[in-house]
Amino acid sequence: MTTTTNPRVLEHPARDRIRLEEVLHALSDAVRLRIVRDMAREGVELSCSHFDLPVTKSTTTHHFRVLRESGVIQQVYRGTAKLNALRREDLDALFPGLLDSVLASVDAQAEREGGEG
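Calculation notes
Residues numbered from 1 in each chain as written. Predicted model: local features only at pLDDT ≥ 70, side-chain atom pairs only at ≥ 80, totals over all residues. Heavy atoms only, no water. 1 Å grid on protein atoms, 1.4 Å probe; cavity = no way out; pocket = protein on both sides within 12 Å on 5 of 7 lines; lining within 4 Å. Points joined across faces, edges and corners; volume = space filled by probe spheres on them. Nonpolar A, V, L, I, M, F, W, Y, C, P; charged D, E, K, R; others polar. Salt bridge = Lys/Arg side-chain N within 4 Å of Asp/Glu carboxyl O. Helix = DSSP H or I, 4+ residues; strand = E, 2+ residues; numbered from the N terminus. Buried < 20%, exposed > 50% of the residue type's maximum accessible area, 1.4 Å probe, protein only. Expected span 1.5 Å × (residues − 1). Contact = heavy atoms within 4.5 Å. Core = buried A, V, L, I, M, F, W, Y, C linked by side-chain atoms within 4.5 Å. Pairing = 2+ DSSP bridges.

### Focus on empty space enclosed by the protein
The final tally for this structure, using the stated rule, is one cavity of 30 Å³ or more. By volume, the largest cavity amounts to about 30 Å³. Lining the largest cavity are Val 23, Leu 27, Val 72, Leu 91, Leu 98 and Leu 99. Among the residues making up the lining of the largest cavity, the classes are represented as six nonpolar, no polar and no charged.

### Quick notes on the pattern of salt bridges
Two side chains of opposite charge can pair, provided their charged atoms sit close to one another. Per the stated rule, a full pass over the model turns up ten salt bridges. Notably, a salt bridge pairs Arg 88 with Asp 100, separated by 2.9 Å at the nearest N-O pair. Here Arg 88 is found in helix H4 (residues 88–94), whereas its partner Asp 100 is found in helix H5 (residues 98–113), with twelve residues between them in sequence. Assessed through its relative accessible area of 28%, Arg 88 is described here as partly exposed.

### Notes on H5
Look at H5: 22 Å from first C-alpha to last across 16 residues, which is about the 22 Å you get at 1.5 Å a residue. Looking at the buried residues of H5, the elements they touch are helix H2 (30–42), strand S3 (81–86) and H4. Just past H5, the residue Gly 114 takes up positive phi, approximately 70°.

### Re the environment of Leu 33
Structurally, Leu 33 is set in helix H2. Non-local contacts of Leu 33, meaning those with residues more than four positions away in its chain, are made with Leu 27, Val 102 and Val 106.

### Focus: the nonpolar core
Of all hydrophobic cores here, the largest spans 24 residues; its most connected members are Ile 35, Val 36 and Val 72. Of all elements in the fold, only helix H1 (20–26), H2, helix H3 (57–70) and H5 reach the threshold of two or more residues within this core. A per-element tally of this core places H2 first, with five residues. If near-sequence neighbours (up to four positions away) are discounted, Ile 35 is found in contact with Phe 51, Leu 53, His 63, Phe 64 and Leu 67.

### Comments concerning the pairing of strand S2 (residues 73–78)
Two elements, S2 and S3, share six bridges in a ladder whose sense is antiparallel. Paired with Val 76 across the bridge in S3 is Leu 83. What sits between S2 and S3 in their antiparallel hairpin is a turn of two residues, with Gly 79 showing a positive phi close to 65°.

### Notes on the environment of Val 66
With respect to the secondary-structure elements, Val 66 resides in helix H3. Among the residues examined, Val 66 registers a relative accessible area of 12% and is labelled buried. Along the chain, Val 66 and His 12 lie 54 residues apart, while their C-alpha atoms are 11 Å from each other. If near-sequence neighbours (up to four positions away) are discounted, Val 66 is found in contact with His 25, Ala 26 and Arg 32.

Laid out in structure tokens, this is it:
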């Protein structure tokens, strides 16, 4: 990771620094899976406020930080909004089929449970 001094520039791992175990850890939480699923479904940058999560604002911030630091998402400031984008291209290049498999499994689980997941 690079060190920054500007608080509006967030640290992200370079593609070659993304580690499978960190990605799997990030995807192992139901709230983070929900975030990733929503981002994959929308296919565009989304603000943090887009997500209606059943956790506090500070916990939401933690979940986004875990996703960013693991390399699953990219976060950038645009004005006063922090926008989030799935790093699908990087993840697909490094771990072919992983993201699609995880997302398909989340959808299948939601169907079994009769809800949105």
